[in-house]
Amino acid sequence: MTSDMTAQPEPRLTTLSNGFRVVSEAMPGLKSAAVGIWVQAGGRHERADENGIAHFLEHMAFKGTARRSTLQIAEAIEDVGGYINAYTSREVTAYYARVLEDDVTLAVDVIADILRNPVFDPAEIEVERGVILQEIGQALDTPDDVVFDWLQEKAFGGQALGRTILGPAERVRSFARGDFFDFVQTHYNPQKMVLAAAGAVDHDALVQLAEGLFGDMAARPAANVDQAEFTCGEARVIKPLEQVHFTLALPGQGYRDEGVYTGQVYATALGGGMSSRLFQEIREKRGLCYSIFAQAGSWEETGLLTIYAGTSSSEIGELVDITLQELRRSAEDMSEDEIARARAQMKSGLLMGLESPSSRAERLARLVGIWDRVPPLEETLSRIDGVTTDAVRAYAEEICTKGQAATAVYGPADAAPCLADMREHLAA
């Protein structure tokens, strides 16, 4: 294996001979720790006929192993006062726990057990299938959730990155026991797994644990992932709701792109808080909505700048028009003060998040997954500080000039402008 020699409390990273990585950061004064395994296998790694299986698999991990029943998995962690959970995103599935210092070994053992020894009991599959179908139904009944799924589908039409994480109900109904084993065999490879921990942790002890629990896994070639390409599409679902839920997506940068921090600063200045342009102009000055925001998201090779607002059917036209005006105007007069405030918001959000061991462990896993190292915090802060007003204005000008956009609207949206009109307005 290869290992750095950085002393605590700086992050330490060790790579086992099979490619499995262990990263940790001690936080002096804490009596608890966050620990988990992040697997680089999410929704975008599924074939079209597998859509939803990564999320289904995450559920099944807690439904019994060769060593523990479903109840014993829960009791093992809760008997010591901890908690255990998991989530699936488009690029990652994470299994994590929060426990006291003396129970870190137990937590790692339980997580290793559910990853390496699942039984995928057919009866449990049927139980969890019903749970996930209820989850899909709940998402469909939550307009400001489902509209983002439709937006993602239109932004990356016909591509894995555009498919929903939950998957369609008809696909979820079709999965059989062998499908779970196949997905694990294909994607749960040691070189795609990161054991991350923060808080009251001992790195050398974690490495020893990982060696015993994961060191025998054979490294296998990673499955190919299709590169995503932004598409301009429109979803319009008319339904007699109280509000029109409006979303707009513009192309963004991948997380290794040099301009990714420019896009994040721009999104924050545009709609990241109460002082942002969209909030002030559309909610505070005109009262056209209760909720409006902009955010930037990134994946390996691409990203999205996303805007959301909820408003009445009579005001959707004006809201969209002003939103597009602000996008155009930001390329001309985004001010130094706005950019400085956005940079401060980003830095404070990052630093405040590091006070939580759970957030810190997740950040470590994400950084190692992206860079195979943990860039110093000062490097990240410096990149945020390096975003200039000119760079933000140029970024705004570029996305407007291209006129590329995707949109999804849900509710009494008959009066909402069509995508062709919005694209023309952007590029004018």
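Note that residues are indexed from 1 along each chain, following the sequence as it is written. Under the rules for a predicted model, residues below a pLDDT of 70 receive no local features and side-chain atom pairs below 80 are neither given nor counted, while totals for whole chains, interfaces and linings still include all residues. Only hydrogens and water are set aside when side-chain values are computed; all heavy atoms of the structure are taken into account.

## Quick notes on the overall build of the chain
Think of it this way: any DSSP run of H or I at least four residues long counts as a helix, any run of E at least two long counts as a strand, and we number them from the N terminus. Each helix and strand counted, the chain has 16 helices and 12 strands in total. We compute the radius of gyration over the C-alpha atoms and compare it with the globule rule, which gives 2.2 Å times the number of residues raised to the power 0.38. Scaling as 2.2 N^0.38, a compact globule of 428 residues should have a C-alpha radius of gyration of about 22 Å, and the chain matches this with 23 Å. Principal axes of the C-alpha set define a box for the chain whose edges measure 60 × 50 × 40 Å. For the exposure calls, accessible area comes from a 1.4 Å probe over protein chains only, and a residue counts as buried if that area is under 20% of its type's maximum, exposed if over 50%, partly exposed in between. Counting all 428 residues of the chain, 53% fall into the buried class. Restricting the contact set of the chain to residue pairs at least 6 apart, pairs at least 24 apart contribute 80%. A 1.4 Å probe and the Shrake-Rupley method give the accessible areas. Residues count as covered only by the protein chains that appear here. Approximately 18300 Å² of the chain is accessible, and the part contributed by carbon and sulfur atoms is 49%. Contacts are assigned to residue pairs with any non-hydrogen atoms lying within 4.5 Å of each other.

## A closer look at the packing of helix H11 (residues 316-333) against helix H16 (residues 419-427)
Comment: axis = line fitted to C-alpha atoms, over the contacting stretch for helices; angle = value between 0 and 180 degrees taken between N-to-C directions. Direction vectors running N to C along H11 and H16 enclose 30 degrees, while the axes themselves pass 9 Å from each other. Comparing their axes, H16 and H11 come out roughly parallel. Judged by the twist between their axes, the crossing of H11 over H16 is right-handed. For the pair H11 and H16, contact is made by Val-320, Asp-321, Leu-324, Gln-325, Leu-327 and Arg-328 and by Met-422, His-425 and Leu-426, respectively. Should an angle lie under 35 degrees it is considered roughly parallel, over 145 roughly antiparallel, and from 65 to 115 roughly perpendicular; all remaining angles are considered oblique. The handedness criterion is simple: a crossing whose near helix is rotated anticlockwise from the far helix by less than a right angle is left-handed, and one whose near helix is rotated clockwise is right-handed.

## Considering unusual backbone geometry
When glycine is set aside, most residues are seen to have a negative phi, and most peptide bonds are trans. The phi angle at Phe-120 is positive, at roughly 50 degrees, despite the residue not being glycine. With respect to the secondary-structure elements, Phe-120 resides in the loop between helix H3 (104-116) and helix H4 (122-140). Residue classification places Phe-120 among the buried residues on the basis of a relative accessible area of 2%. Here the phi dihedral of Asp-372 falls at roughly 60 degrees; this positive angle occurs in a residue that is not glycine.

## Looking at the pattern of salt bridges
Each reported salt bridge corresponds to a side-chain nitrogen of Lys or Arg within 4 Å of a carboxyl oxygen of Asp or Glu. Considering all chains together, one arrives at 30 salt bridges under this definition. Salt-bridge contacts for Arg-277 lead to Glu-326; the nearest nitrogen and oxygen are separated by 3.8 Å. Residue Arg-277 is located in helix H10 (residues 277-284), and its partner Glu-326 is located in helix H11; the two are separated by 49 residues in the primary sequence. There is no split in this pair, since Arg-277 and Glu-326 are both buried.

## A few points about the packing of aromatic side chains
For this analysis, a ring pair means two rings from Phe, Tyr or Trp (six-membered ring only for Trp) whose centres lie within 6.5 Å, classed as stacked if their planes differ by under 30 degrees, edge-to-face if by over 60, and tilted for the remaining angles. Under the definition given, this model contains 15 aromatic pairs. Ring centres 6.3 Å apart and planes at 15 degrees place the aromatic pair Phe-148 and Phe-293 in the stacked group. Of this pair, Phe-148 sits in helix H5 (residues 143-155) while Phe-293 is found in strand S10 (residues 291-298), placing the two residues 145 residues apart along the sequence. Here a set of aromatic residues connected by ring pairs shows up, and it is made of Phe-56, Phe-120, Phe-175, Phe-180 and Phe-181.

## Quick look at the pairing of strand S3 (residues 21-26)
For S3, a buried count of six out of six residues is recorded, marking the element as mostly surrounded by other parts of the structure. Neither face of S3 is open: one carries Arg-21, Val-23 and Glu-25, the other Val-22, Ser-24 and Ala-26, and all of them are buried. Bridge count for strand S2 (residues 12-15) against S3 is four bridges, and the pairing is antiparallel. Looking at S3, one finds that Thr-14 is bridged to Val-22. In sequence, S2 turns back onto S3 through a hairpin of five residues, with Gly-19 there showing a positive phi of about 100 degrees. Inspection of the sheet shows S3 paired to strand S7 (residues 193-199) by six bridges, in the parallel sense. Pairing between strands is defined by DSSP: at least two bridges between the two strands are required.

## With respect to the nonpolar core
By nonpolar core is meant a set of buried Ala, Val, Leu, Ile, Met, Phe, Trp, Tyr and Cys residues that side-chain atoms within 4.5 Å join together. Formed by 53 residues in total, the largest nonpolar core has its most connected members in Phe-20, Ile-37, Tyr-95, Phe-180 and Tyr-188. When residues in this core are grouped by element, the largest group, eight residues, is from H3. Not counting the four nearest positions on each side in its chain, Phe-20 is found in contact with Thr-14, Thr-15, Ile-37, Pro-190, Gln-191, Met-193, Leu-195, Ala-210 and Phe-214. Residues Ala-267, Ile-322, Ala-331 and Ala-416 belong to the second largest nonpolar core, which totals 46 residues.

## Here we look at H16
Residues of H16 that are buried include every one of Leu-419, Met-422 and Leu-426, and no others. The buried residues of H16 occupy an angular sector of 60 degrees when projected down its axis, which confines them to one face. Seen from the open side of H16, the exposed residues pointing more than 90 degrees away from its buried face are Ala-420 and Glu-424. Buried-residue contacts for H16 involve strand S8 (234-238), strand S9 (244-252), H11, helix H15 (389-402) and strand S12 (406-411). Arc definition: it is the arc formed by the directions from the helix axis to the C-beta atoms.

## Considerations on the side chain of Ser-276
Along the chain, the position of Ser-276 falls in the loop between helix H9 (260-271) and H10. Using a relative accessible area of 4% as the deciding quantity, one classes Ser-276 as buried. In this view, Ser-276 contacts Thr-268, Ala-269, Leu-270 and Gly-271; residues no more than four positions away in its chain are not counted.

## Describing the state of the cysteines
To count as a disulfide, a pair of cysteine sulfur atoms needs to be within 2.5 Å. In the structure shown here, the tally under the stated rule is zero disulfides. No disulfide involves Cys-289; its nearest neighbouring cysteine sulfur is the one of Cys-400, lying 19 Å away.

## Regarding the pairing of strand S6 (residues 93-100)
With eight bridges connecting them, strand S4 (residues 32-39) and S6 associate as antiparallel partners. For Trp-38, the partnering residue across the bridge sits in S6 and is Ala-94. Pairing between strand S5 (residues 83-88) and S6: six bridges, direction antiparallel. Bridging across to S6, Thr-88 finds its partner in Thr-93. From the end of S5 to the start of S6, which pair antiparallel, there are four residues.

## Details of the confidence of the model for the chain
Overall, the predicted model of the chain reaches an average pLDDT of 95, with 98% of residues at or above 70. Counting interchain partners and residues more than four positions distant, the pLDDT-below-50 stretch residues 2-8 has 13 contacts. pLDDT measures how confident the predictor is about each residue, on a scale from 0 to 100.

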